[in-house]
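# Structural overview for review
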Amino acid sequence: MATAAHPDPINRTEVDERSRMTGRPSEMEILVVSTHDRYRRLAVERLTPSDVVLEIGCNNGGATRILATTGARVVAVDKSASLVRDLKEELKALDNVTVACVDGRDVTKLLALLPDPTAIFIDIGGDARLDHVALQLRLCLLAFHAGLIVVRSIELATLASLIGCIETPRATGVSFWGGPGDDPASVSSLLYLSRGSSVESRVLAVHLMSQSAGAATRERLREMLSDPNPRVRKAARWACAHPPATGTGAPSGNPGQ
Ligand SMILES: C[S@@+](CC[C@H](N)C(=O)[O-])C[C@H]1O[C@@H](n2cnc3c(N)ncnc32)[C@H](O)[C@@H]1O
């Protein structure tokens with residue numbers, strides 16, 4: 001991420017200590033803001049031309065234009081086809097910006113568009129429901145290895161500002177960098193995700209579980225062969241047919257989801 005000075009300097013010792021306790025890499029940050037103004041300013045303060053940015057919820061491009069001025073490569077998505085159509089036209093002269101109509105929960109599509117963003121900006125509406133924002137954030141944490149995630153959410157910012165003290169769990173169950181392990185927290189998190197009501201969550205769970213050779217995840221993948229949704233069944237069929245090669249922890253080939 002950009003090393004340029006910014007107004008909220010971070011205490012390295014505090015970050016390293018938090019990182020030691022959670023297993024989260026110290027070079028990863030999640031910033032929660034409530035205003036458009038702060039959200040957009042963070043783009044300027046934190047990005048450099050070497051960044052590759054995924055923007056979820058680009059709307060009519062208010063933040064996209066600012067992200068683009070940093071020289072970073074920007075992939076901006078929104079679930080509204082009409083907004084995306086207009087924004088594509090307006091920004092067609094910007095070589096470093098791609099605009100696409102994608103629901104941010106469809107992580108398979110996001111991964112196909114941009115497999116390895118260095119920064120993710122999420123604004124699916126400042127007043128969006130906390131569970132929607134939390135799902136979006138969780139999916140991004142599971143799917144990507146971005147060093148910076150900026151989230152605009154009034155409810156999350158409010159909640160976070162009310163918290164005085166946190167007992168940090170030893171294992172989070174959310175796969176911060178390093179891929180899904182077979183530790184109990186990761187496995188129970190993946191099993192939970194695999195039973196979610198959102199198709200995108202279940203497809204992502206299949207994708208992540210396909211990298212695990214554990215008995216519980218393999219059994220769940222077999223169950224998912226009869227998932228009600230065809231995309232989930234297709235992903236599960238691929239995962240069952242391609243167990244990870246022993247010792248590598250990764251399946252061979254491409255899931256083609
Ligand atoms: C408040 S606007 C974003 C404003 C933008 N950050 C700016 O600075 O101008 C929220 C946008 O999120 C989009 N959105 C909501 N849920 C979404 C989802 N699941 N995936 C993609 N876009 C979503 C909406 O269509 C809307 O355009």
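The structure this text deals with has already been given above.
Below is a summary of the structure that appears in this document. (Residues numbered from 1 in each chain as written. Predicted model: local features only at pLDDT ≥ 70, side-chain atom pairs only at ≥ 80, totals over all residues.)

### Quick notes on helix H11 (residues 230-241)
Between its first and last C-alpha atoms H11 spans 16 Å; for twelve residues at 1.5 Å apiece the expected length is 16 Å, and the two agree. Burial in H11 covers these residues: Val232, Ala235, Ala236 and Ala239. Here the buried residues of H11 occupy an arc of 100 degrees about the axis, which is enough to place them on one side. Along H11, exposed side chains directed more than 90 degrees from the buried face belong to Pro230 and Ala241. (Helix = DSSP H or I, 4+ residues; strand = E, 2+ residues; numbered from the N terminus. Expected span 1.5 Å × (residues − 1). Buried ≥ 20, exposed ≤ 12 C-beta atoms within 10 Å, placed from the backbone. Arc of directions from axis to C-beta.)

### As for the site of the ligand
Around the ligand, 19 residues are found, and the nearest of them are Gly57, Asn59, Gly62, Ala63 and Gly104. At the level of elements, helix H2 (36-46), helix H3 (62-69) and strand E3 (73-78) are the ones that each hand at least two residues to the shell around the ligand. Tallied by class, the residues present in the shell around the ligand amount to five nonpolar, eight polar and six charged. (Near = placed C-beta within 6 Å. Nonpolar A, V, L, I, M, F, W, Y, C, P; charged D, E, K, R; others polar.)

### Re the sheet that holds strand E2 (residues 52-56)
Overall, parallel pairing links the six strands, which are arranged E1-E6-E5-E2-E3-E4 in an open sheet. Sheet topology places strand E1 (29-33) and strand E4 (97-101) at the edges, where each strand pairs with a single neighbour. The mean angle between the axes of side-by-side strands here comes to 15 degrees, regardless of whether they run parallel or antiparallel. (Pairing = 2+ DSSP bridges. Axes fitted to C-alpha atoms, helices over the stretch in contact; angles between N-to-C directions.)

### Some thoughts on the nonpolar core
Soluble globular proteins tend to bury their nonpolar side chains together. Membership of the largest hydrophobic core comes to 59 residues, with the highest contact counts inside it found for Leu67, Ile120, Phe121, Ile122, Ile149, Val150 and Val206. With seven residues, helix H6 (residues 130-143) is the largest single contributor of residues to this core. Taken domain by domain, the makeup of this core includes at least three residues from each of domain 1 (12-162) and domain 2 (184-241). Not counting the four nearest positions on each side in its chain, Phe121 is found in contact with Ala43, Val53, Glu55, Ala63, Leu67 and Val150. (Core = buried A, V, L, I, M, F, W, Y, C linked by C-beta atoms within 7 Å. Domains from an automatic or database assignment. Contact = placed C-beta atoms within 7 Å.)

### Side note on the environment of Leu193
For Leu193, the location among the structural elements is in helix H8 (residues 184-194). Sequence separation of Leu193 and Val203 is ten residues, and the distance between their C-alpha atoms is 9.2 Å. The residues touching Leu193, leaving out its near neighbours within four places in the chain, are Ser201, Leu204 and Ala205.

### Quick word on unusual backbone geometry
In this structure, Asn59 is a non-glycine residue whose phi angle is positive, near 55 degrees. In this fold, Asn59 is placed in the loop between E2 and H3.

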